[in-house]
Every structure is written in C-alpha cells, then in structure tokens.
Amino acid sequence: MSTNTQETKGKTTVRTGTVAAVCYSPELINGVGKEVRQSAHITRLGIHGDRHYGETRVSRGHTVPNNRPITVVGDDGSRDACERLGIPNIPPGGLGENILCEGMGDLSEMGPGDEIHVLSESGAPKVILFVREQNPPCSSLMIYHKQMPKELMGKRGVLCTVLQEGDVQTGDTVAWIRDE
C-alpha cells in the first residue's frame, strides 16, 4: 500500500494501488458475483454488458436513477474477513465489484466526494470515478459464510458514478484522490 501526500490542483493523492481484476456480467453469479475480464470500457452508465449498466436501476422494487453504476472493492477487506471467519478467500468478482484493487486497503476510509483515478502509463487519469457512498453488504454474501455481511460492514467497497469515461484493464495503476 502506497501512501502519498502529493497535491495537484487542490487535490491530494491519499493512496495508490493496482487494478487486480476487472469484472462484469449480464447476470449475477450466485446472486452476487461477476465474471473476471481483462479489461472494460467504462461509460457514464457503467460497463456495457454489466448487470448494473444503464440509466436506471431497481431498488426495493422501484425504478430509480442509476447513481452508482460502478463498484470498486479493495482486496484487503474481503481477505481479512475470510481470515477472521476461517474460510477460503472470495474469488475476484465474488463481491459483485467491477474493479478489484490491490494496495488500496479495504476502502473503509473513502467517503462521498473522494475520487478514484485509473491512470495511464504517463500518470494522467484515463478514468475518473466519483465516490458516492460505501457499499452496504447484502444478505446474498451469506453464500460465503452466514457472518460475511457483518464482517464486511464498511469494507465492501464503494459505489461510484463516472466523471471521465475510458478504458480500464488489469494491472493499471489506481489512485485515491481527496479534495483538500
């Protein structure tokens, strides 16, 4: 995990890491997971071909605007939960994430207004995600262990909107950016 206090235009890079997996599926696997892919094109509506792609989504039986088309998870959260529960690690995509990050911690300290930048080789952002909220664990996660939702409370990653569209692939550098 790399912590960094580099400032750019009133923004600070809090931490950097790597994209460990890119995941999307038209249907959820076991009610929660997504297929692992090498890359994806992220648009303001999410990833075309993903269950959560589109202008709207269904929440508690109602159609609402899709203000959270991309989910980002830090691998530390699920790995630590699995260790505490004494079960095998959840596979990439198993939490329904679109982007799985290594080296970014469990993302529990991220909050509304933070950004996640997927960087090009030159260091310029090629995708910018705006963090809306923490992703609350759902009961579907009990397929791994009955205590998994409790263990992942505040550590299931973040729900994001897309500020800058672009391509993301496994191995890309990601940065957690915060306004100062």
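Counting starts from 1 at the beginning of each chain's written sequence and moves along it residue by residue. In keeping with the predicted nature of the model, local features appear solely for residues at pLDDT of at least 70, side-chain atom pairs appear and are counted solely at 80 or more, and the whole-chain, interface and lining totals rest on all residues. Hydrogen atoms and water are omitted, and side-chain values are computed over all heavy atoms in the structure.

Trainee: Would you mind going over the side chain of Asn98 with me for this structure?
Mentor: In DSSP terms, a helix is any run of H or I states spanning at least four residues, a strand is any run of E spanning at least two, and both are numbered starting from the N terminus. You can see Asn98 is positioned in the loop between helix 1 (75–85) and strand 10 (99–102). What qualifies as a polar contact is a pair of N or O atoms within 3.5 Å, subject to a donor-acceptor requirement within protein and to the restriction that residues adjacent in sequence count only when both atoms come from side chains. Polar side-chain contacts of Asn98 include one of 3.4 Å to the side chain of Asp50. Excluding anything up to four places from it in sequence, Asn98 contacts Ala21, Val22, Cys23, Tyr24, Lys34, Ile47, Asp50, Pro69, Ile70 and Thr71. Contacts between residues were defined by any pair of non-hydrogen atoms, one from each residue, lying within 4.5 Å.

Trainee: Where do I start with unusual backbone geometry in this structure?
Mentor: Among all residues except glycine, the phi angle is most often negative; among peptide bonds, the trans geometry is most common. A positive phi angle, near 55 degrees, is found at Asn30, a position not held by glycine. Relative to the helices and strands, Asn30 resides in the loop between strand 3 (11–23) and strand 4 (36–37). Positive phi, close to 65 degrees, is recorded for Leu107, a residue that is not glycine. The residue Leu107 is located in the loop between strand 10 and strand 11 (115–119) in this model.

Trainee: Help me understand the pattern of salt bridges, please; the structure alone is not making it clear to me.
Mentor: Charged atoms that come close allow side chains of opposite charge to pair. Take a side-chain nitrogen of Lys or Arg and a carboxyl oxygen of Asp or Glu: if they are within 4 Å of each other, that pair is a salt bridge. One pass over the full model with this rule turns up 10 salt bridges. For Arg79, the salt bridge identified is with Asp76, shortest N-O distance 2.3 Å. Taken together, the residues Arg79 and Asp76, both in helix 1 and 3 residues apart, mark about one turn of the helix. What emerges from the salt-bridge pattern is a single network uniting Lys11, Glu115 and Asp179.

Trainee: Would you take a moment to explain the state of the cysteines for this structure?
Mentor: Think of a disulfide as a covalent bridge from one cysteine sulfur atom to another cysteine sulfur atom. In plain terms, two cysteine sulfur atoms within 2.5 Å form what is called a disulfide here. Enumeration according to the criterion identifies 0 disulfides in this entry. The thiol of Cys23 is not disulfide-bonded; the next cysteine sulfur, from Cys101, is found 11 Å away. Here the term buried applies to any residue with accessible area under 20% of the maximum for its type, exposed to any over 50%, and partly exposed to those in between, with areas from a 1.4 Å probe on protein chains only. When its relative accessible area of 0% is taken as the criterion, Cys23 is described as buried. Sulfur of Cys101: no disulfide; nearest cysteine sulfur belongs to Cys160 and is 9.3 Å away. A relative accessible area of 1% places Cys101 in the buried class.

Trainee: I keep staring at the packing of aromatic side chains and nothing clicks. Help me out?
Mentor: The description of an aromatic ring pair rests on the distance of the ring centres and on the angle between the ring planes. Two aromatic rings from Phe, Tyr or Trp, using only the six-membered ring of Trp, form a pair when their centres are within 6.5 Å; if the ring planes differ by under 30 degrees the pair is stacked, by over 60 it is edge-to-face, and anything between is tilted. Counting across every chain of the model gives 0 aromatic pairs. The ring of Tyr24 has Arg37 sitting right over it, with the charged end atom 4.3 Å from the ring centre. Throughout this description, the term charge over a ring refers to an Arg CZ or Lys NZ atom that lies within 6 Å of the ring centre and within 35 degrees of the ring normal.

Trainee: How do you make sense of the environment of Pro112 when you look at a structure like this?
Mentor: Positionally, Pro112 belongs in the loop between strand 10 and strand 11. As a C-alpha pair, Pro112 and Ala175 span 63 residues in sequence and 16 Å in three-dimensional space. Discounting residues that sit within four places of it in the chain, Pro112 has contacts with Val131 and Arg132.

Trainee: Looking at this model, I keep getting lost on the confidence of the model for the chain. Mind explaining?
Mentor: Do not read the fine detail of predicted coordinates wherever pLDDT is low. Known as pLDDT, the predictor's per-residue confidence is scaled from 0 to 100. Here the chain averages 93 in pLDDT, and 96% of its residues register 70 or above. Considering only residues more than four positions removed or in separate chains, one finds that residues 1–7, a stretch of pLDDT under 50, has 20 contacts.

Trainee: What should I look at first to understand the nonpolar core in this one?
Mentor: General note: in soluble globular proteins, nonpolar side chains tend to be found buried as a group. Only buried Ala, Val, Leu, Ile, Met, Phe, Trp, Tyr and Cys residues count toward a nonpolar core, and they belong to the same one when joined by side-chain atoms within 4.5 Å. With 25 residues, the main nonpolar core has Ile42, Val72 and Leu129 as its most contacted residues. If you look at the next biggest cluster of nonpolar residues, it comprises 14 residues, including Val32, Val73, Cys82 and Leu100.

Trainee: I tried to follow the environment of Lys34 on my own but got confused; where do I start?
Mentor: Its location among the elements puts Lys34 in the loop between strand 3 and strand 4. The exposure class assigned to Lys34 is buried, which follows from its relative accessible area of 3%. Residues Lys34 and Val131 lie 97 residues apart in sequence; the distance between their C-alpha atoms is 20 Å. For Lys34, the residues in contact, after removing those within four places along its chain, are Cys23, Tyr24, Ser25, Leu28, Ile29, Asp50, His52, Pro92, Gly93, Gly96, Glu97 and Asn98. A polar contact is formed between the side chain of Lys34 and the side chain of His52, at a distance of 2.9 Å.

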